[in-house]
Amino acid sequence: MDLPTDLSRRRALGLGALGAFSVSATGSVLLRGDAPPADPRISSALPVLSPRPAHAVKKRPKPKPKPVPARRAPAFKIHDVRPDAPPRSIALTIDDGPSREWTPKVLALLERHDVQATFCVIGQEVRRFPELLREIVAAGHQVANHTMHHPVSLARLPARRIEAEIRDAHRYIQDVGGTTPKLFRAPGGNWSPAVMKTAAKHGMLPIDWDIDPRDWARPGATRITRSLLRGKAGDILLCHDGGGDRSQTLNSLRKVIPRLKDRGLEFIAL
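Keep in mind that this is a model prediction, so the values were computed, not measured. (Residues numbered from 1 in each chain as written. Predicted model: local features only at pLDDT ≥ 70, side-chain atom pairs only at ≥ 80, totals over all residues. Heavy atoms only, no water.)

### Structural notes on the environment of Ala186
Here is step 1: Inspection of the secondary structure puts Ala186 in the loop between β6 (183-184) and α8 (193-201).
Here is step 2: Relative accessible area serves as the criterion here: at 0%, Ala186 is assigned to the buried category.
Here is step 3: Each C-alpha atom of the pair Ala186 and Pro151 lies 8.7 Å from the other, and the pair is 35 residues apart in sequence. (Helix = DSSP H or I, 4+ residues; strand = E, 2+ residues; numbered from the N terminus. Buried < 20%, exposed > 50% of the residue type's maximum accessible area, 1.4 Å probe, protein only.)

So, in structure tokens, the structure goes:
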């Protein structure tokens, strides 16, 4: 609190100002010639507090993730993740960001069409662009864990490396975005029992996809569009906002999103 420090400062000024001020017995500061307050409770109403030592201030511990049952296979369909999802729902997932260049453009497009998506983010990119993760969360989108460094050989790594990749990304997402991921996607869909067990240990379900337009390879906006338009109710679509030039992905989504909505499909976050 500021009151005790401010009061002490005013006392010091009063005592050192060549008698221009006098200090009353109650601790209130009075100008020379001023009468004391009619009610002495006015001067005693300000409490004199001692600041708490730094070592006495304890940080609130972060909540530990609650483990979930490990799955034998990742979820490919919306209703494997959300049994209560609307029957005409479709899910757009966006991987490998956040990207300083492409994530803001994707967010603007999603806002224009009132679409909620799931962003599978990489821990090291969150560390580089923390403000972008906060924008994703503020816009109401879902955030999933996509490892710390995106090793496509994740399933072949030793158990301690798998743990570090998932745990470290989890912590960055929590610290920066203030949200705890409930979903995990392995880079390249490279799964193993150890990967799914580790994801479950950190309270996450493993998710995959139905429709992969391979937009990361930049095959052309026309091919990406053709692939995404095969999406139907219950499908999980895969796209990317990180990992390189995503102009083809963005141009495709400008066409795909309104056309899928025209079919009566509802975009939801997982």
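Next comes the rest of the description.
### A short note on the environment of Phe129
Here is step 1: Considering the arrangement of structural elements, one finds Phe129 in the loop between α5 (123-128) and α6 (130-138).
Here is step 2: For Phe129 and Gly97, which are 32 residues apart along the polypeptide, the C-alpha to C-alpha distance reads 9.2 Å.
Here is step 3: Leave out the neighbours within four places in its chain, and Phe129 touches Pro98 and Arg100. (Contact = heavy atoms within 4.5 Å.)

### Concerning the pattern of salt bridges
Here is step 1: Counting across every chain of the model gives nine salt bridges.
Here is step 2: Note that Asp235 and Lys77 form a salt bridge whose closest N and O atoms lie 2.7 Å from each other. Note that Asp235 is positioned in the loop between α9 (221-228) and β8 (236-240) and Lys77 in the loop between α2 (41-44) and α3 (78-81), a separation of 158 residues in sequence.
Here is step 3: On the basis of relative accessible area, Lys77 is assigned to the partly exposed category, the value being 31%.
Here is step 4: The salt bridge partner of Arg100 is Glu131, with a shortest N-O separation of 3.8 Å. Taken together, the positions of Arg100 in the loop between β3 (89-95) and α4 (103-112) and Glu131 in helix α6 put the pair 31 residues apart, joining distant regions of the chain.
Here is step 5: A residue is classified by how much of its surface remains accessible, and Arg100, at 53% relative accessible area, is exposed.
Here is step 6: Salt bridges sharing partners connect three or more residues here, namely Lys77, Asp210, Lys232 and Asp235. (Salt bridge = Lys/Arg side-chain N within 4 Å of Asp/Glu carboxyl O.)

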